[in-house]
Amino acid sequence: MYITGIEIDNFKSFSKKTSIPFLDGFTVISGPNGSGKSNIIDSLLFALALSSSRGLRAEKLTDLINLNSGRNTAEVAITFSDGTEIRRRIKRTASSYYSYNYLNGRLVKQNDIVELLAKYGIKPEGYNVVMQGDITRIMEMSDFERRKIIDEIAGVAEFEGKKVRALEE
Ligand code: ATP
Ligand code: MG
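The residue numbers shown here count from 1 along each chain, following its written sequence. Chain letters start at A and ligand numbers start at 1, both assigned in the order the entries are written. Note on the predicted model: pLDDT of at least 70 is required for a residue's local features to be given, and 80 or more for side-chain atom pairs to be given and counted; whole-chain, interface and lining totals, by contrast, use all residues.

The name an unreviewed UniProt entry gives the chain is Chromosome partition protein Smc, with Methanofollis tationis as the organism.

(A) The overall build of the chain, seen in detail. Think of it this way: any DSSP run of H or I at least four residues long counts as a helix, any run of E at least two long counts as a strand, and we number them from the N terminus. Check the secondary structure of the chain and you find five helices and six strands. For the chain, the N- to C-terminal ordering of α and β elements is β-β-α-β-β-β-β-α-α-α-α. Along the first, second and third principal axes, the C-alpha atoms of the chain reach 55 × 35 × 35 Å. Taking all 169 residues of the chain together, 18% fall into the buried category. Here the analysis covers contacts within the chain between residues at least 6 apart in sequence; of these, 53% occur between residues at least 24 apart. With C-beta atoms placed from the backbone, a residue is buried if 20 or more other C-beta atoms are within 10 Å of its own, exposed if 12 or fewer are, and partly exposed between those counts. Contact definition: two residues whose C-beta atoms, as placed from backbone geometry, lie within 7 Å.

(B) How the structure looks around the UniProt feature "binding site: ATP" (unreviewed entry) in the chain. UniProt positions are given in the numbering used here, feature names are shortened, and annotations may be inferred rather than shown by experiment. Per the UniProt entry, the sites bearing "binding site: ATP" (unreviewed entry) are P32, N33, G34, S35, G36, K37, S38 and N39 in this numbering. Here N33 lies in the loop between β2 (18-21) and α1 (37-47). Mapped onto the elements, N39 comes out in helix α1.

(C) The arrangement of the sheet that holds strand β5 (residues 97-103) in detail. Taking strand neighbours across the sheet as the criterion, the six strands line up as β2-β1-β3-β4-β5-β6 in an open arrangement whose pairing is antiparallel. Edge positions in the open sheet fall to β2 and β6 (106-108), since each of these has one partner strand only. Sheet twist, expressed as the average angle between the axes of neighbouring strands with direction ignored, equals 20°. When DSSP finds at least two bridges between two strands, those strands are taken to pair. The pairing of strand β3 (residues 73-80) with strand β4 (residues 85-92) spans seven bridges and is antiparallel. Looking at β4, one finds that A77 is bridged to R87. Strand contacts of helix α2 (residues 110-119): β4, β5 and β6, with the helix running at about 45° to β5, the strand carrying the most contacts. Fitted lines through C-alpha atoms give the axes, limited to the stretch in contact for helices. The angle between two N-to-C directions lies from 0 to 180 degrees.

Structure representation (structure tokens):
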């Protein structure tokens, strides 16, 4: 299972609707400084609902809406190789903002998306997205902390948690 493409609309520097195909295998995004490469990664974190736990580069969610278009919504859709589409939209109002999540075009709760992605092995505490600075941090952490990350990636961390809870009962 892999991401076949994303569609970004009015998100950060992408004022126009932009489709980016991800080919099977390896995709490289290149471009000058400030051209929006990292914003594409931010759009993935946003749509995968990983934004609260991992460093999305924005102070508030409404900072993700393009500043120049005059529109009040930003939207990112991700398509997976099995045809599943998840979409997240953020809408700014005079006093607040709203976040909407869609699964194959149907409005769902954010948690429904989180649970679906967990089945694919995409988890907020996981390392599906390796952010700038992560490698240095991993190199500098203690053996014990590094082991926790390896357990997480190998998928044994959840059993460790279950074991601890079972022993407590
Ligand atoms: P580098 O090579 O330096 O890492 P990059 O290609 O990763 O650059 P990004 O960080 O993705 O660049 O893009 C930065 C640009 O996005 C800046 O010019 C910034 O002004 C613009 N930007 C960020 N948020 C918004 C927004 N809400 N509306 C319009 N432009 C935005
Ligand atoms: Mg960058």
